[in-house]
Amino acid sequence: MKTYKLNDGAMPAIGLGTWKMDDGVATQAVQQAIEVGYRHIDCAAIYNNEADVGAAFSSVISGSSVSRESLWVTSKLWCNRHQPEMVMPALKKTLVDLKLDYLDLYMIHWPIVFRHDLERPESGSDFVPLSKVPLESTWQALEACVDAGLCRNLGVCNFNTDNLAKIVSVAKHAPSVNQVECHPFLKQERLKSYCDDHNILIVAYSPLGSGDRPERMRADSDPNLFDEPVLQEVATEQGCTIGQAVLSWLLQRGMVAIPKSSNPGRMKENLDAATVELTADQVQRINGIERQHRYVHGKFWEQPGSPYTAAGIWGDD
Ligand code: NDP
């Protein structure tokens, strides 16, 4: 598997997403994923399944089938823990749940802050503006976690170029990763160019269009990646699946992809996308798909009285 060297260690180009692995499926799914060859697992405190994911880690590590060092584990700081004094305790809680003593990558999950006693805001007044808890101060608290040996690399998610620039201007430990939605309906060309210039790797989330995303992110008019004729043609030409064509296109753009699957057959299919080599012409045809769509649209942060809007989160990118 291709890997990308970050500040400390190398990230495998395909990882397993764990969002929506609810009701106890995460332990078995992560264990199966490691058995089929995944060495990169993408977690987050808000997925509310880190203890289940941790049970899989402890089982495979204690069974000596893989070592801790051979795994790449990412997790994310939730929006109710941005206050600097809350950052290290939040990471320590994640480590206890995951049954690990360090993370390979810890990231700010959204450039959004709200009250620390709520898991999700219930009204606009529950949000805290970034002027009160700036992203830069949260970042400096993350840097202390690197210095304490609790995580090896730092990153952000859902950051536009303006928010990235704020971090870049103060960072002692530079951001290694920006994890954002990316697939052929959302190519992120402007953001990719900024990230390339600043040595920031893009990790593509919802790379297959997040077919199991929750109701609050769905509309009847949403397009389905799997219905896109150009992707169907390329997959037929390559003798691969549409999912593999999409993942291969992301990898060939120099990105990491973290498809989620709880099904061992699809897990293997997604991992095997790393062996699919699209031709330059096929890459160009996928680049030429004109449809634009963001599945994880961010409008759920737009409550009356909230200082956050989807347009503000995504900026001009
Ligand atoms: P994905 O784009 O990975 O799609 C997941 C859906 O696709 C599931 O319904 C899955 O079903 C199905 N699927 C998986 N493989 C295939 C395949 N080969 N062919 C057809 N269908 C397939 O969506 P996610 O939104 O889950 O994104 C991936 C990961 O990215 C998340 O799990 C999470 O870790 C991360 N993420 C991060 C965000 C952030 O804000 N930082 C936001 C969103 C996601 P099944 O399980 O049955 O196979």
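Before any of the text, the structure's been laid out above.
What counts, and where the lines are drawn
Residues numbered from 1 in each chain as written. Predicted model: local features only at pLDDT ≥ 70, side-chain atom pairs only at ≥ 80, totals over all residues. Heavy atoms only, no water. 1 Å grid on protein atoms, 1.4 Å probe; cavity = no way out; pocket = protein on both sides within 12 Å on 5 of 7 lines; lining within 4 Å. Points joined across faces, edges and corners; volume = space filled by probe spheres on them. Pairing = 2+ DSSP bridges. Helix = DSSP H or I, 4+ residues; strand = E, 2+ residues; numbered from the N terminus. Buried < 20%, exposed > 50% of the residue type's maximum accessible area, 1.4 Å probe, protein only. Arc of directions from axis to C-beta. Contact = heavy atoms within 4.5 Å. Right-handed = clockwise from strand over helix to strand, strands pointing away. Polar contact = N/O pair within 3.5 Å; in protein donor to acceptor, adjacent residues only side chain to side chain. Nonpolar A, V, L, I, M, F, W, Y, C, P; charged D, E, K, R; others polar.

On to empty space enclosed by the protein. One pass over the structure, following the stated rule, counts one cavity of 30 Å³ or more. If you add up the space inside the largest cavity, you get close to 40 Å³. Along its surface, the largest cavity is lined by Phe159, Asn160, Val180, Gln188, Leu191, Arg294, Trp314 and Asp317.

Looking now at the sheet that holds strand β12 (residues 256–257). Spatial strand order, β3-β4-β5-β6-β9-β10-β11-β12: eight strands in an open sheet with parallel pairing. Among the strands making up the open sheet, the edge pair consists of β3 (16–17) and β12. As paired strands, β3 and strand β4 (residues 40–42) are joined by two bridges and run parallel to one another. By the bridge assignment, Leu16 is partnered in β4 with Ile41.

Along helix α6 (residues 189–197), the residues that are buried comprise Leu191, Lys192, Tyr194 and Cys195. When α6 is viewed along its axis, its buried side chains cluster within an angular range of 165 degrees and face the same direction. Those residues of α6 that are exposed and aimed more than 90 degrees away from the buried face are Glu189 and Asp197. Against α5 (161–170), β10 (177–181) and β11 (201–205) lie the buried residues of α6. Positive backbone phi, at 60 degrees, marks Asn199, one or two positions downstream of α6.

Burial along strand β6 (residues 105–108) is two-sided: the residues Leu105 and Met107 and Tyr106 and Ile108 are all buried. One ladder, built from four bridges, connects strand β5 (residues 72–77) with β6; its direction is parallel. Counterpart to Thr74 in the pairing with β6 is Leu105. For the handedness criterion, the β-α-β arrangement of β5, helix α3 (residues 84–98) and β6 is classed as right-handed. Looking at chain direction, β6 and strand β9 (residues 154–157) are connected through three bridges and run parallel.

Turning to the environment of Thr241, a few remarks are in order. Of note, Thr241 is situated in the loop between α7 (229–238) and α8 (242–252). Taking the C-alpha atoms as reference points, Thr241 and Asp22, 219 residues apart in sequence, are found 27 Å from one another. Setting aside its immediate chain neighbours within four residues, Thr241 contacts Ala235 and Glu269. Within the structure, the side chain of Thr241 is placed 2.7 Å from the side chain of Glu269, a separation counted as a polar contact.

Counted as a void, the largest pocket has a volume near 1000 Å³. Around the largest pocket sit 49 residues that line it, and Trp19, Lys20, Ser206, Ser210 and Asp212 are the ones nearest its centre. Here the lining of the largest pocket is composed, by residue class, of 20 nonpolar, 16 polar and 13 charged. Of the voids in this model, the second largest pocket is the one considered here, and its volume is about 350 Å³. For the second largest pocket, the lining is made up of 18 residues, of which Ala45, Ile46, Asn48, Lys93 and Glu119 are closest to its centre.

None of this, on its own, says anything about what the molecule does.
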